[in-house]
Amino acid sequence: RDTQDLDEEGGEKQGLLDRERREELIQVDQDLQFSEALIHEREQGIKDIERSVHDVNEIFRDLAVLISEQGNTLNDIEDQVVSTSHHADTAASELKKAAANQKRAR
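Criteria and cut-off values
- Residues numbered from 1 in each chain as written.
- Predicted model: local features only at pLDDT ≥ 70, side-chain atom pairs only at ≥ 80, totals over all residues.
- Heavy atoms only, no water.
- Helix = DSSP H or I, 4+ residues; strand = E, 2+ residues; numbered from the N terminus.
- Buried < 20%, exposed > 50% of the residue type's maximum accessible area, 1.4 Å probe, protein only.
- Areas by Shrake-Rupley, 256 points an atom, 1.4 Å probe, with all protein chains shown as cover.
- Polar contact = N/O pair within 3.5 Å; in protein donor to acceptor, adjacent residues only side chain to side chain.
- Salt bridge = Lys/Arg side-chain N within 4 Å of Asp/Glu carboxyl O.
- Patch = residues over 30% accessible without salt bridge, like charges linked within 9 Å, V, L, I, M, F, W, Y side chains within 5 Å.

1. Brief notes about the overall build of the chain
Point 1. When you go through the chain residue by residue, the secondary structure sums to one helix and zero strands.
Point 2. Sorting the 106 residues of the chain into buried and exposed places 0% on the buried side.
Point 3. A total of about 9900 Å² of accessible surface is found on the chain, and carbon and sulfur atoms cover 56% of it.

Structure below.
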C-alpha cells in the first residue's frame, strides 16, 4: 500500500471516530435533557406534596380550635345541667316543706 491509501484509510477511520463521538455527545446531551426534565417534574411533584401537607396541617389546626371551642361549650352545658339538677332538687325539697306546712296550717 502506498502512503496515500494509508492516509485516506486513516482519515476515514478518524472521520468515523469523530462521527461516533458526535453521536455519543448528542446522546449524552439528550440523556441529560431528559434527566433534567425528570428532575424538574419530580421537584414540582415534591412542591405539590409540600403544599398539600401544609393545607392538611392548616385543616388540623382549624379542627383543633373547633374541638377546643366545642369542648368548652360542652363543659358549660354540663355545668348548667348540674346546676339545674341541683336547683330542681332544692325546689322539690322546698315544695315538700311547703306542702307539710300547709297541712299543719289547716
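2. Focus: the environment of Thr84
Point 1. Here Thr84 lies in helix H1 (residues 3-105).
Point 2. Among the residues examined, Thr84 registers a relative accessible area of 51% and is labelled exposed.
Point 3. In terms of polar contacts, Thr84 uses its side chain to reach the backbone carbonyl oxygen of Gln80, at 2.8 Å.

3. Observations concerning the pattern of salt bridges
Point 1. Throughout the structure, instances matching the rule amount to six salt bridges.
Point 2. Arg51 is the partner of Asp48 in a salt bridge, and the nearest nitrogen-oxygen pair spans 2.3 Å. Taken together, the residues Asp48 and Arg51, both in helix H1 and three residues apart, mark about one turn of the helix.
Point 3. The exposure class assigned to Asp48 is partly exposed, which follows from its relative accessible area of 39%.
Point 4. By relative accessible area, which is 47% here, Arg51 ends up partly exposed.
Point 5. Residues Glu94 and Lys97 are paired through a salt bridge, measuring 3.8 Å at the closest nitrogen-oxygen approach. With Glu94 and Lys97 both in helix H1 and three residues apart, this pair spans about one turn of that helix.
Point 6. A relative accessible area of 44% means that Glu94 is categorised as partly exposed.

4. As for a nonpolar patch on the surface
Point 1. There is a patch of nonpolar side chains on the surface, built from Val56, Ile59, Phe60, Leu63, Leu66 and Ile67 and spanning about 580 Å² of accessible area.
Point 2. You can see Leu66 is positioned in helix H1.
Point 3. Judged by its relative accessible area of 45%, Leu66 is partly exposed.

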